[in-house]
Amino acid sequence: MIGSIALVGSGEYLPEMMDLEASLLQDGLRNNKKARFIQIPTAAGQEGSSRLQYWKNLGLQQAKRLGVEQVFLPVFTRNDANDPALANLIEESALIYLSGGNPGYLADCLRGTLVGEALFQNWQQGSSLAGCSAGAMALCDRIVGFKMMNNGVEGLGFVSSMQVLPHFDRYFRWVPERAIGKLVQETKDATLVGIDENTALLRRNGQEWQVEGHAAVHIFYSRTATRFTHKEFVTFD
C-alpha cells in the first residue's frame, strides 16, 4: 500500500498548488490515514527564525484552506531528527511535506534518523509524501551537483534513478546546452529531470509517473529534453 509521492518544482503551500495538495491528502485518506498535514521545514533549518516562521504561517494558511490539521515539525538539526517524540507525530498522517531550502542540509539531517525512518515507513504504508524544490531534490538517490559539475551528493533515496532540477523554467531554461549536456553525462545512471515552477511529477500509489500543474516536466537524455505537460504520463527510455 505504498503512498503517493510528488516531486514539486515550486509553490508548496500556495493557493496555486492547493489542488495538488488536496489530491495527495485524499490519496492518504483513501489509505486510511488521518486528515493531518505534516510540514517538515528542515531544508530551511539554517535560515533563521523569521524564515522558519514564514514556512509555518504559509502551511497554516494552506491547511485552513484544505480543512485539515497542520503539524509543523520543528526538525531543524540532526539532533531534532533523532527525537522520538517528533518522529511519532508523523505516524498515520495523510500528507507529509518537505519544503524548500538547502537540499544537501536536508538530506544530511534526515538520513538514517528516526524522523527519516518514520517518513519512509509511513510512506510505504500509504501516507502521501511530497518534496518541493530542495525537498524534491533530496528525495532522490543523489542531489544534482550543478555548481561543481560532479555527481552530486547523497540524497534520501526514496526515488531511484532520477535527479531533479526544480524551478526549471525560472533558473535553468537559459543554461547553455553544453552545460546541460555535461550535467547529463555526470548524472551517470540517473535520469536528469527538470521540473517547472508550480508543477509536479507525481506517482500515485506506485503507479506511473504523471505531470500535474501549470507548466511542464523535462526529461533529459542528452542536451535536449522531452517535454511533458499537465496530466501527461511520463515515459523514461
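Below is a summary of the structure that appears in this document. (Residues numbered from 1 in each chain as written. Predicted model: local features only at pLDDT ≥ 70, side-chain atom pairs only at ≥ 80, totals over all residues. Heavy atoms only, no water.)

A tally of regular secondary structure across the chain gives 9 helices and 13 strands. Per-residue burial over the chain gives 56% buried out of 237 residues. (Helix = DSSP H or I, 4+ residues; strand = E, 2+ residues; numbered from the N terminus. Buried < 20%, exposed > 50% of the residue type's maximum accessible area, 1.4 Å probe, protein only.)

Moving on: the packing of helix 1 (residues 18–30) against helix 2 (residues 49–66). At a closest axis distance of 11 Å, the pairing of helix 1 and helix 2 adopts a crossing angle of 65°. Between helix 1 and helix 2, the angle is such that the two are roughly perpendicular. The chirality of how helix 1 crosses helix 2 is right-handed. From helix 1, Met 18, Glu 21, Ala 22 and Leu 25 reach across to helix 2, where they touch Gln 62, Arg 65 and Leu 66. When the residues that make up the contact of helix 1 with helix 2 are grouped by side-chain class, the tally is 4 nonpolar, 1 polar and 2 charged. (Axes fitted to C-alpha atoms, helices over the stretch in contact; angles between N-to-C directions. Parallel < 35°, antiparallel > 145°, perpendicular 65-115°, else oblique. Left-handed = near helix turned anticlockwise from the far one by under 90°. Contact = heavy atoms within 4.5 Å. Nonpolar A, V, L, I, M, F, W, Y, C, P; charged D, E, K, R; others polar.)

This next bit is on the packing of aromatic side chains. With the rule as written, the count across this model stands at 9 aromatic pairs. With 6.0 Å between their ring centres and 70° between their planes, Phe 120 and Trp 123 make a pair best called edge-to-face. With a gap of 3 residues between them, Phe 120 and Trp 123 both fall in helix 6 (residues 114–124), about one helical turn apart. Of the residues examined, Trp 123 reaches a relative accessible area of 2% and is grouped as buried. (Phe/Tyr/Trp six-rings, centres within 6.5 Å; stacked < 30°, edge-to-face > 60°.)

What follows covers helix 2. An ideal rise of 1.5 Å per residue puts 26 Å on 18 residues; helix 2 measures up with 26 Å between its terminal C-alpha atoms. For helix 2, the complete set of buried residues consists of Leu 52, Trp 55, Leu 58, Gly 59, Gln 62, Ala 63 and Leu 66. For helix 2, the arc enclosing every buried residue in end-on projection is 135°, short of the 170-degree limit, so these residues lie on one face. Among the exposed residues of helix 2, those pointing more than 90 degrees away from its buried face are Ser 49, Ser 50 and Lys 64. Tucked into the core, helix 2 has its buried residues touching helix 1, strand 2 (34–40) and strand 3 (69–72). (Expected span 1.5 Å × (residues − 1). Arc of directions from axis to C-beta.)

With that settled, consider the nonpolar core. Residues Leu 7, Ile 90 and Leu 110 are the most contacted members of the largest nonpolar core, which totals 49 residues. Excluding anything up to four places from it in sequence, Leu 110 contacts Thr 42, Val 75, Arg 78, Ala 81, Leu 98, Val 115, Gly 116, Leu 119 and Leu 156. Core analysis: the second largest hydrophobic core is formed by 23 residues, Leu 66, Val 68, Phe 72 and Cys 132 among them. (Core = buried A, V, L, I, M, F, W, Y, C linked by side-chain atoms within 4.5 Å.)

What follows concerns the pattern of salt bridges. Oppositely charged side chains are able to pair whenever their charged atoms sit close together. All chains considered together, the criterion is met by 9 salt bridges. Among the ionic pairs, Arg 30 bridges to Asp 27, the shortest N-O distance being 2.5 Å. One end of the pair, Arg 30, and the other, Asp 27, are both in helix 1, 3 residues apart, so they sit about a helical turn from each other. On the basis of relative accessible area, Asp 27 is assigned to the buried category, the value being 3%. In this structure, Glu 212 and Arg 204 form a salt bridge, with 3.8 Å as the shortest nitrogen-oxygen distance. Across the pair, Arg 204 and Glu 212 agree in class, each one buried. A cluster of three or more residues bridged by salt bridges with shared partners is formed by Asp 27, Arg 30, Arg 204, Glu 212 and Lys 231. (Salt bridge = Lys/Arg side-chain N within 4 Å of Asp/Glu carboxyl O.)

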